[in-house]
Amino acid sequence: MKKLVLMVLAILIVCAGLYLGADQLEKAQGITGENNLNLYNWGDYIDPELITKFEDETGYRVTYETFDSNEAMYTKIEQGGTNYDLAVPSEYMIERMIDEDLVIELDHSKIKGLENINTQFLDQPFDPDNQYSIPYFWGTLGIIYNDKFVEEDAIQHWDDLWNPNLTNELMLIDGAREVIGLALNSEGYSLNSKDNEQLAAAAKKLDSLTPNVKAIVADEIKMYMIQEEASVAVTFSGEASEMLWENENLHYVIPSEGSNLWFDNFVIPKTAKNFDAAYAFINFMLEPENAAQNAEYVGYSTPNKAALELLPAEITEDEQFYPNEETMKNLEVYEDLGSQYIGIYNDYFLEFKMHRK
């Protein structure tokens, strides 16, 4: 027993030493709570040169951590284990985080450059008056296809994905809202539907899509499409932009009957420690030259109207990624459906994935 106690004490002493050593190392490197910004963002979603530029201009040191889904981000912030100063959730998750008191109300007197944001991306239903969030990027969900294997006019609508000629050729993004949503849109329903009959009809229609589905994946879609291992995929506009850059035979289509218009915004979590650093980074990214540089690097659409003037015309005039007003009218923003209907969407999506096996 005595040996066991001594062993435990020895382990505790070693752990304490490691902790103190790490703490001293961080202080020696200039990393303290006062000058460190903990940023929680999607993967490959900012130009690394901008991180360096921000550090050089402000003296803050950025700790950058990534997530691969809104739900993963939400869980980590809700558990409160890490004190992130800034996070970048999507619209429906922002609404949920506001409702659950997980983000702070912003002090707009500390925000400089909000006038650079196009007004159509402000004052959205998920955050009226942008009390809690500041736009970062926006985009759409659509279809990408390869004109070597598919005629251009053959892919214009969601229903075209059910074409028997696409057997084992279709890649789907691994997301319940996206896949159930496209089935709903194909039937003329809202992608935020809470009508049980509509949801059942969408799920039934998806079952008939299974012969065409090659895989249901996430980032792997880029590799498959660039290397021409599949001819058609459902993906987000920014991902599509990167694919088009790598393969000139690819094209991106936003179905005219409707699709998803999404927003990713900055929020300051309730557990944040360095509010000054958070506001400094928001202001830095609102500067037109920084927003333009970031949009060119990431490939997603910027809501910063002043930045648009700095971008090449071939980017800003490309309606695949900056759609016209008529297309925008038919796009919907995901709403927080509540736990009951999120569960229903997830259940139908899981059944669809299991069915295709």
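Notes on the structure in this doc start here.

About the thresholds
- Residues numbered from 1 in each chain as written.
- Predicted model: local features only at pLDDT ≥ 70, side-chain atom pairs only at ≥ 80, totals over all residues.
- Heavy atoms only, no water.
- Phe/Tyr/Trp six-rings, centres within 6.5 Å; stacked < 30°, edge-to-face > 60°.
- Buried < 20%, exposed > 50% of the residue type's maximum accessible area, 1.4 Å probe, protein only.
- Helix = DSSP H or I, 4+ residues; strand = E, 2+ residues; numbered from the N terminus.
- Patch = residues over 30% accessible without salt bridge, like charges linked within 9 Å, V, L, I, M, F, W, Y side chains within 5 Å.
- Areas by Shrake-Rupley, 256 points an atom, 1.4 Å probe, with all protein chains shown as cover.
- Salt bridge = Lys/Arg side-chain N within 4 Å of Asp/Glu carboxyl O.
- Lys, Arg positive; Asp, Glu negative; His and termini not counted.
- Charge placed at Lys NZ, Arg CZ, Asp CG, Glu CD.
- Polar contact = N/O pair within 3.5 Å; in protein donor to acceptor, adjacent residues only side chain to side chain.
- Core = buried A, V, L, I, M, F, W, Y, C linked by side-chain atoms within 4.5 Å.
- Contact = heavy atoms within 4.5 Å.

### Comments concerning the packing of aromatic side chains
- Counted by the stated rule, this structure contains 22 aromatic pairs.
- Judged by centre distance (6.1 Å) and plane angle (15°), the rings of F54 and Y60 are stacked. For the pair formed by F54 and Y60, the shared burial category is buried.
- An angle of 40° between the planes, with centres 5.9 Å apart, marks the rings of F126 and F263 as tilted. With F126 in the loop between α4 (91-99) and β4 (134-146) and F263 in strand β9 (residues 259-266), this pair connects stretches of sequence that are 137 residues apart.
- Taking relative accessible area as the criterion, F126 reaches 7% and is therefore assigned buried.
- We classify F263 as buried; its relative accessible area is 1%.

### What to know about a negative patch on the surface
- Judged by side-chain charge, D147, E151, E152, D153 and E248 come together as a negatively charged surface patch.
- Within the element layout of this structure, E151 appears in the loop between β4 and β5 (170-173).

### Points about the pattern of salt bridges
- Enumeration according to the criterion identifies 11 salt bridges in this entry.
- Between D159 and K205 there is a salt bridge whose closest N-O contact spans 2.5 Å. Here the residue D159 occupies a position in the loop between β4 and β5, and K205 occupies one in helix α6 (residues 196-207), the gap between them amounting to 46 residues.
- Judged by its relative accessible area of 40%, D159 falls in the partly exposed class.
- By relative accessible area, K205 is classed as buried at 16%.

### What about the side chain of D160?
- Residue position: D160 is located in the loop between β4 and β5.
- Of the buried charged residues, D160 lacks a salt bridge, with K205 as the closest side chain of opposite charge at 9.8 Å.
- A polar contact of 2.7 Å, which involves the side chain of D160, links it to the backbone nitrogen of Q156.
- At 2.8 Å, the side chain of D160 and the backbone nitrogen of H157 are in polar contact.

### Focus on the nonpolar core
- Counting 114 residues, the largest nonpolar core has Y45, L161, L172, V232, F266 and F281 as the members making the most contacts within it.
- Other than its neighbours up to four places away in sequence, V232 contacts I143, I144, Y145, V150, I155, L161, L166, E169, L170, M171 and M225.

### A word on the environment of E100
- Here E100 lies in the loop between α4 and β4.
- It is 9.0 Å that separates the C-alpha atoms of E100 and E78, two residues lying 22 residues apart in sequence.
- Looking at E100, its side chain comes within polar contact range of the side chain of Y74, at 2.5 Å.

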